[in-house]
Amino acid sequence: MDSPLLSTPGAVPADPPDEGVAAHYGEPFAEQRALASGAAIVDRSNRGVVRVGGADRLRLLHSLTSQHLEALPPRTPTEALLLSPHGHVEHHLALVDDGEAVWAHVEPGTAPELARFLDMMQFTLDAEVTDESDAYAVVTLSGAEPPADALVTTDGLIVPRKELERDWQARPAGLWAYEALRIAAHRPRFGLDTDHRTIPHEVGWIDVAVHLDKGCYRGQETVARVHNLGRPPRRLVFLHLDGSVDRLPAHGEPIEAGGRTVGFVGSAARHYELGPIALGLIKRNIPVDEPLLAGGVAAAQEVVVSPDTGANAKIDLRRR
């Protein structure tokens, strides 16, 4: 569904997986500055929105996800992961309970699958799962007051879709601006900075979306094993890219060290202060000062996830 804000003068549509919203409105760097330190609104209405109502809504989500949700207070935003039986990330949810229902937003196109799974798993619980993507939208707002009915999550607001055309008292900023600031903040995005093998420790979601002391849930065995023994197979890195190259590496292009492939490029952007930057997922034991090539572009890595995350013993960072 295309956003009505695509009719804003200067709006340039974003590419997949973010089709349906604006990449920018003609001034990408000015939009970044406004989002970072001014008043700006980013249309992220291509994201999916799922509602879980009923008296047992928190019990259902607590039993299935990585987060402790049974006693989640109303209006307290948090994040959760839905994992495979082997501990691989299948969904990343930014969610909040409004006192009557839990609202979560997820990556574009994934809400129907998530809603079907949750509905299938409720069995005899009092929980009603609906895909609300047609009626509700996600926006990121800075420097301005949100609508009274907005649901605040850790990553944006969930608002009725009709609110997209309100006067936000903020300049429109495209998804390029949001993505550049997200990458600079070292925040991974599911499906771009992850793949089908990603586990929570690899990308730093242990700190924000996993409760290590809660009861059993799908994929918990992998989380506990890596937490206790350490050394996940890969780690997320922030990449400072060679600014003399006139292109950004594409998503999925190889990251190389010493002539061999050691990972892949996730998200990349041009930041208004840092220049060309990216996130990548590389083998854990690549030394932290190893020069890299990201899609053929020279890159210096900055540690996001420590090579010994979750470990009880330190490791030699130079060991290959």
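Residues numbered from 1 in each chain as written. Predicted model: local features only at pLDDT ≥ 70, side-chain atom pairs only at ≥ 80, totals over all residues. Heavy atoms only, no water.

**Quick look at the overall build of the protein**
Regarding its fold elements, the protein presents seven helices and 18 strands. By the burial criterion, 52% of the 320 residues in the protein qualify as buried. Taking all contacts inside the protein whose residues are at least 6 apart in sequence as the whole, residues at least 24 apart take part in 67%. By element, 51% of the accessible surface of the protein is carried by carbon and sulfur atoms, the whole surface being about 14100 Å². (Helix = DSSP H or I, 4+ residues; strand = E, 2+ residues; numbered from the N terminus. Buried < 20%, exposed > 50% of the residue type's maximum accessible area, 1.4 Å probe, protein only. Contact = heavy atoms within 4.5 Å. Areas by Shrake-Rupley, 256 points an atom, 1.4 Å probe, with all protein chains shown as cover.)

**Concerning the UniProt feature "domain: Aminomethyltransferase C-terminal" (unreviewed entry) in the protein**
UniProt marks residues 234-285 with the feature "domain: Aminomethyltransferase C-terminal" (unreviewed entry), using the numbering shown here. Regarding residues 234-285, the helix share stands at 0% and the strand share at 63%, and the terminal C-alpha atoms are separated by 8 Å. (UniProt positions renumbered as here; feature names shortened; annotations may be inferred.)

**Some details on the packing of aromatic side chains**
Considering all chains together, one arrives at one aromatic pair under this definition. With a centroid separation of 4.6 Å and 55 degrees between ring planes, the pair formed by Trp103 and Tyr136 is classed as tilted. Within this pair, whereas Trp103 is found in strand β7 (residues 101-106), its partner Tyr136 is found in strand β9 (residues 136-142), the two being separated by 33 residues in sequence. Above the plane of the ring of Tyr178 lies Arg44, whose end atom (NZ or CZ) is 4.1 Å from the centre. In this structure, Arg166 packs its charged tip against the face of Trp168, placed 5.1 Å from the ring centre. (Phe/Tyr/Trp six-rings, centres within 6.5 Å; stacked < 30°, edge-to-face > 60°. Lys NZ or Arg CZ within 6 Å of the ring centre and 35° of its normal.)

**Looking at helix α1 (residues 28-37)**
Within α1, the full set of buried residues consists of Glu31, Gln32, Ala34 and Leu35. End-on, the buried residues of α1 take up no more than an arc of 165 degrees, which puts them together on one face. Looking at the packing, one finds that the buried side of α1 touches β2 (22-24), β3 (40-43), β9, β12 (171-173), α4 (175-184) and β15 (260-271). (Arc of directions from axis to C-beta.)

**Considering the pairing of strand β18 (residues 297-303)**
Where strand β13 (residues 234-241) lies against β18, five bridges are found, and the strand directions are antiparallel. Bridge pairing in β18 links Leu241 to Ala299. Here strand β17 (residues 292-294) pairs with β18 via three bridges, running antiparallel. In the strand pairing of β18, Ala294 is matched with Val297. Hairpin connection between β17 and β18: a loop of two residues separates the two successive antiparallel strands, and Gly295 in this loop has a positive phi of roughly 60 degrees. (Pairing = 2+ DSSP bridges.)

**Details of the sheet that holds strand β4 (residues 48-53)**
Taken together, the five strands give an open sheet; going across it, the order is β5-β6-β7-β4-β8, and neighbouring strands pair in antiparallel fashion. Two strands close off the open sheet at either side, each with one partner strand: β5 (78-83) and β8 (128-131). Averaged over all adjacent pairs, the angle separating strand axes in this sheet is 30 degrees, with direction ignored. As paired strands, β5 and strand β6 (residues 89-97) are joined by six bridges and run antiparallel to one another. Residue Leu83 lies in a different strand from β6, and its bridge partner there is Val89. (Axes fitted to C-alpha atoms, helices over the stretch in contact; angles between N-to-C directions.)

**Focus: the packing of helix α2 (residues 57-64) against helix α3 (residues 111-121)**
Where α2 meets α3, the closest approach of the two axes is 11 Å, and the angle between their N-to-C directions is 105 degrees. Classified by the angle between their axes, α2 and α3 sit roughly perpendicular to one another. Across the interface between the two elements, Leu60, Leu61 and Leu64 of α2 pack against Phe117, Leu118 and Met121 of α3. For the contact of α2 with α3, the residue count by class is six nonpolar, no polar and no charged. (Parallel < 35°, antiparallel > 145°, perpendicular 65-115°, else oblique. Nonpolar A, V, L, I, M, F, W, Y, C, P; charged D, E, K, R; others polar.)

**Brief notes about the nonpolar core**
One recurring pattern in soluble globular proteins: nonpolar side chains tend to sit buried together. Counting residues in each nonpolar core, the largest one holds 23 residues, and the members touching the most others are Val50, Val52, Leu95, Leu114 and Leu118. Looking at this core, the elements that each hand over two or more residues are β4, α2, β5, β6, β7 and α3. With five residues, α3 is the single largest residue contributor to this core. Residues contacting Leu118, with those up to four places away along its chain left out, are Val50, Val52, Leu60, Leu61, Leu64 and Val129. (Core = buried A, V, L, I, M, F, W, Y, C linked by side-chain atoms within 4.5 Å.)

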